[in-house]
Amino acid sequence: MLKTFSITDIGKRRKLNQDYVFASEKPLGNLPNIFIVADGMGGHNAGDYASKYAVETIKEEIAGSFEKSPVKILKKAIEAANSHIREKAMEKEDLRGMGTTVVAATCLKDKYLEVANVGDSRLYVVSDSKMEQITRDHSLVEEMVRRGGIAKEAARNHPDRNIITRAIGAEDNVNADFFHVELEPGDMVLMCSDGLTNMLEDEEIHMILSSQENVEVKAEELIKAANNNGGRDNIAVILIEPFAEP
C-alpha cells in the first residue's frame, strides 16, 4: 500500500515560494499515480508562475494522454510544459526568462518507479542502510564533479551551485532524463528541491528518514532541519512509502 506526504515551505530568506508540488496516489490518465516537484526561477513572480504552470500543464497532458508507456506519457507532458512556458514568456514582459526544474515519478505495481528529470531537483531511494540519488543534476557544478574538476563534497557549498544547465522553459527543446528503478521492500522515495539538499548533508536526511515516525512527521522534520541550518531557499519535499502497511 502506497503512503505519501508532500509539503513546501518558503524557508527563512525568500519573500516568495517558487517551489510547487503535486502528489496523487490515485490514477491520472493512464498512470496509476503521479508525483511532481518543480523549483521555479525568474525575477519577481515569474519563478512561482513557471513552477505552478509547468506542473498544471504536465497534469493536464497526463490526464489526456492516450499513450500506454509511462516514459512516453511523461516525455510528451514535459515537452508540452516547455512549449507552453516558452509561449507565455514571449507574451508577457514580466515573465521573460522564466523557467523551472521538474522531477516527476510514477510508482508501478508498488515495485517499479519511472522517473523523469530536468534540472537539479532530485529523487532518492532510501533504505535502512543507504540513501541513493537516482536523478543526476543538470547543473554546472555537477558537470564539474563528473569531469573530476571538483570533489562531490565541495559541490554543496560551491558559489556556482545554483547555475543549472537544463530547465523547462530555457530552450525551444527540452531534454529530460529518464530512470527506471526497481524498489525493494522497505525502500522509501524522497523527491525534493535543492532547498533541502543544499541545507542538509545526506547523512542528516538519512537519519531523519530512518526514524520510526510516519511520512508526515518525517517530511516536517526535514523542513524543520533545513530551516534550522539556515533555510536559504524554498524547500519542497515529497515522501513515498511504496510498501507501507495498510
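Before reading on, note that the structure itself is shown above.
Keep in mind it's a predicted model, so treat the numbers as computed, not measured.

K.L.:
Please set out the packing of helix H6 (residues 202-209) against helix H7 (residues 215-228) residue by residue, giving values where relevant.
P.N.:
Close contact between H6 and H7 brings their axes to 9 Å; oriented N to C, the two are set at 150 degrees. Taken together, the axes of H6 and H7 are roughly antiparallel relative to one another. Between H6 and H7 lies a crossing whose hand is right-handed. Residue-level contacts link Ile-205, Ile-208 and Leu-209 of H6 to Lys-218, Glu-221, Leu-222 and Ala-225 of H7. Tallied by class, the residues present in the contact of H6 with H7 amount to 5 nonpolar, no polar and 2 charged.

K.L.:
Can you tell me about the nonpolar core, naming the residues and giving the values?
P.N.:
With 28 residues, the main nonpolar core has Ile-34, Ile-36, Ile-58, Ile-62, Ile-78, Val-102 and Ile-168 as its most contacted residues. Looking at this core, the elements with two or more residues in it are strand S3 (34-41), helix H1 (46-64), helix H2 (70-91), strand S4 (99-108) and strand S5 (112-118). At 7 residues, H2 tops the list of elements feeding residues into this core. Residue contacts for Ile-78: discarding those within four places in its chain leaves Ile-58, Ala-116, Val-118, Ile-168, Val-174 and Ala-176. Leu-200, Ile-223, Ala-226 and Leu-239 belong to the second-largest nonpolar core, a separate cluster that totals 23 residues.

K.L.:
Account for the pattern of salt bridges, naming residues and giving values.
P.N.:
All told, the structure shown has 14 salt bridges when counted by the stated rule. Where Glu-93 meets Arg-96, a salt bridge forms, and the shortest distance between an N and an O atom there is 3.3 Å. Classification of Arg-96 by relative accessible area gives partly exposed; the value is 40%. As a salt-bridge pair, Glu-241 and Lys-218 come within 3.7 Å of each other at their nearest N and O atoms. Taken together, the residues span a long stretch of sequence, with Glu-241 in strand S10 (residues 235-241) and Lys-218 in helix H7 at a distance of 23 residues. Linked by salt bridges that have partners in common, Arg-136, Arg-166 and Asp-177 make up one network.

K.L.:
Which residues make up the sheet that holds strand S7 (residues 131-133), and what values go with them?
P.N.:
An order of S1-S10-S9-S6-S7 is seen for the 5 strands of this open sheet, with the pairing classed as antiparallel. The open sheet is flanked by strand S1 (3-9) and S7, the only strands paired with a single partner. This sheet shows a mean twist of 20 degrees between the axes of neighbouring strands, independent of strand direction.

K.L.:
I'd like a description of the pairing of S10, backed by residues and values.
P.N.:
Burial runs high along S10: 7 of the 7 residues are buried. Summarising the sheet, strand S9 (residues 188-192) and S10 pair through 4 bridges and their orientation is antiparallel. Note that in S10 the partner of Val-189 across the bridge is Ile-240.

K.L.:
So, the pairing of S3: which residues are in play, and what are the values?
P.N.:
Put simply, side chains in a regular strand alternate between the two faces of the sheet. Most of S3 is tucked away: 7 of the 8 residues are buried. Sheet topology note: the strand S2 (residues 19-24)/S3 ladder contains 6 bridges and is antiparallel. Bridged to Val-21 within S3 is Val-37. Relative to S4, S3 runs antiparallel, the two being bridged by 7 bridges. Residue pairing in the sheet places Ile-36 in a bridge with Ala-104 of S4.

What counts, and where the lines are drawn
Residues numbered from 1 in each chain as written. Predicted model: local features only at pLDDT ≥ 70, side-chain atom pairs only at ≥ 80, totals over all residues. Heavy atoms only, no water. Axes fitted to C-alpha atoms, helices over the stretch in contact; angles between N-to-C directions. Helix = DSSP H or I, 4+ residues; strand = E, 2+ residues; numbered from the N terminus. Parallel < 35°, antiparallel > 145°, perpendicular 65-115°, else oblique. Left-handed = near helix turned anticlockwise from the far one by under 90°. Contact = heavy atoms within 4.5 Å. Nonpolar A, V, L, I, M, F, W, Y, C, P; charged D, E, K, R; others polar. Core = buried A, V, L, I, M, F, W, Y, C linked by side-chain atoms within 4.5 Å. Buried < 20%, exposed > 50% of the residue type's maximum accessible area, 1.4 Å probe, protein only. Salt bridge = Lys/Arg side-chain N within 4 Å of Asp/Glu carboxyl O. Pairing = 2+ DSSP bridges.

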